[in-house]
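Close look at the chain arrangement
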Amino acid sequence: MLVANACRVLGARGLAEDILGHISLRTGRDRMLVRCRGPREEGLFVTRPADVREVDLDGSPVDDLGDWAVPQELPIHAEILRARPDVDAVVHCHPPSVLLAGLEGVPLRPVFGAYNIPAARMAHDGVPVYPRSVLVRRPELGREVAAALGTASVLVLRGHGIATVGSGPHAVEQAVGRALALDVLARVSVESARLGGRAAELPSEDVAELPDLGGSFNDVMLFRHHLARLRTEGLLLEG
Ligand SMILES: [Zn+2]
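A brief structural summary. All values reported here derive from a predicted model rather than from experimental measurement.

Our focus in this paragraph is the coordination of the zinc ion. In the first shell of the zinc ion, the protein supplies Glu73 (OE), His92 (NE2), His94 (NE2) and His160 (NE2), at 2.0 to 2.2 Å from the metal. If you list the donors of the zinc ion from N- to C-terminus, the spacing comes out as E-x18-H-x1-H-x65-H. Separated by 19 residues along the polypeptide, Glu73 in the loop between β3 (52-56) and α2 (74-83) and His92 in strand β4 (residues 89-93) bring together distant segments of the chain. You'll find Glu73 and His92 in the same group, each marked buried.

This part takes up the packing of helix α4 (residues 117-125) against helix α6 (residues 171-194). The interhelical angle for the contact between α4 and α6, taken along N-to-C directions, is 70°, at an axis separation of 8 Å. Between α4 and α6, the interaxial angle falls into the category roughly perpendicular. Between α4, through Pro118, Ala119, Met122 and Ala123, and α6, the contact on the second element is made entirely by Arg178, Ala181, Leu182, Val184 and Leu185. Looking at side-chain class alone, the contact of α4 with α6 contains 8 nonpolar, no polar and 1 charged residues.

Quick look at the sheet that holds strand β1 (residues 22-28) now. Overall, mixed pairing links the 7 strands, which are arranged β3-β2-β1-β4-β7-β6-β5 in an open sheet. Only two strands of the sheet have a single partner each, and these edge strands are β3 and β5 (129-130). Of the strand pairs in this sheet, strand β2 (residues 31-35) and β3 are connected by 5 bridges, and their pairing is antiparallel. Following the sheet pairing, Leu33 is matched in β3 by Glu54.

Moving on, we come to the pairing of β2. Sheet faces and side chains relate simply in a regular strand, where the side chains alternate between the two faces. The pairing of β1 with β2 spans 4 bridges and is classified as antiparallel. Across the sheet, Arg26 pairs through a bridge with Met32, a residue of β2. Connecting β1 to the next strand, β2, in antiparallel fashion are 2 residues.

Their axes nearest at 10 Å, the elements helix α1 (residues 2-12) and helix α8 (residues 215-232) cross at an angle of 75°. With respect to their mutual orientation, α1 and α8 come out roughly perpendicular. Of the residues in α8, those touching α1 at Leu2, Asn5, Ala6, Arg8, Val9 and Ala12 are Phe223, His226, Leu227 and Leu230. The residue makeup of the contact of α1 with α8, split by class, is 7 nonpolar, 2 polar and 1 charged.

The rules behind these values
- Residues numbered from 1 in each chain as written.
- Predicted model: local features only at pLDDT ≥ 70, side-chain atom pairs only at ≥ 80, totals over all residues.
- Heavy atoms only, no water.
- Donors = N, O, S within 2.8 Å, 3.2 Å for Na, K, Ca; no water.
- Helix = DSSP H or I, 4+ residues; strand = E, 2+ residues; numbered from the N terminus.
- Buried < 20%, exposed > 50% of the residue type's maximum accessible area, 1.4 Å probe, protein only.
- Axes fitted to C-alpha atoms, helices over the stretch in contact; angles between N-to-C directions.
- Parallel < 35°, antiparallel > 145°, perpendicular 65-115°, else oblique.
- Contact = heavy atoms within 4.5 Å.
- Nonpolar A, V, L, I, M, F, W, Y, C, P; charged D, E, K, R; others polar.
- Pairing = 2+ DSSP bridges.

The structure is reproduced here in structure tokens:
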């Protein structure tokens, strides 16, 4: 239910415009729940609980998948989870803003602050880029993606999309929050470039006044807000 609603958030907020994108949640050292494709696939924004299935990191199902298939890009999830024991959830989706920024070489600069602190800190820390625009459908490509991510929490896949990760009891909420923050950063950067790109970078003394407000604020509360938006749109899975 959590992963399904998280997929719905990505879809409803435009980070996964149609049927492309998925979220995984680690259930063991070599296992994960992952958003699969079923016979009634209609897109991320209407992900059903039955679309979220448990598989091992090689894609073999724990239970019979029936008419469902694991995502082509399962290696993004599997190889990040393999390479990063600290990671419990992975988001992969294709936000148009991040795509445009990457294609046009628009830098994700730290030009705003308290407007969105997680996004501002992301810009300040820098966002790594995986330079290939390929479909990550083989383990060796997944390992390249995991290597490009390194120890970071977000990654731009140039000409493709993003991968973000989360850890701990609210890993899904954290990974989704990071995807939303990266989308904000890219949208502001693209619009700013369109307006002439004159925005100055924050002075370091102002960056120092942008504290990490913590997971309960950045992740849990933000996720609850997005569930409330789904509810008003008639898209929330309840129960
Ligand atoms: Zn993709």
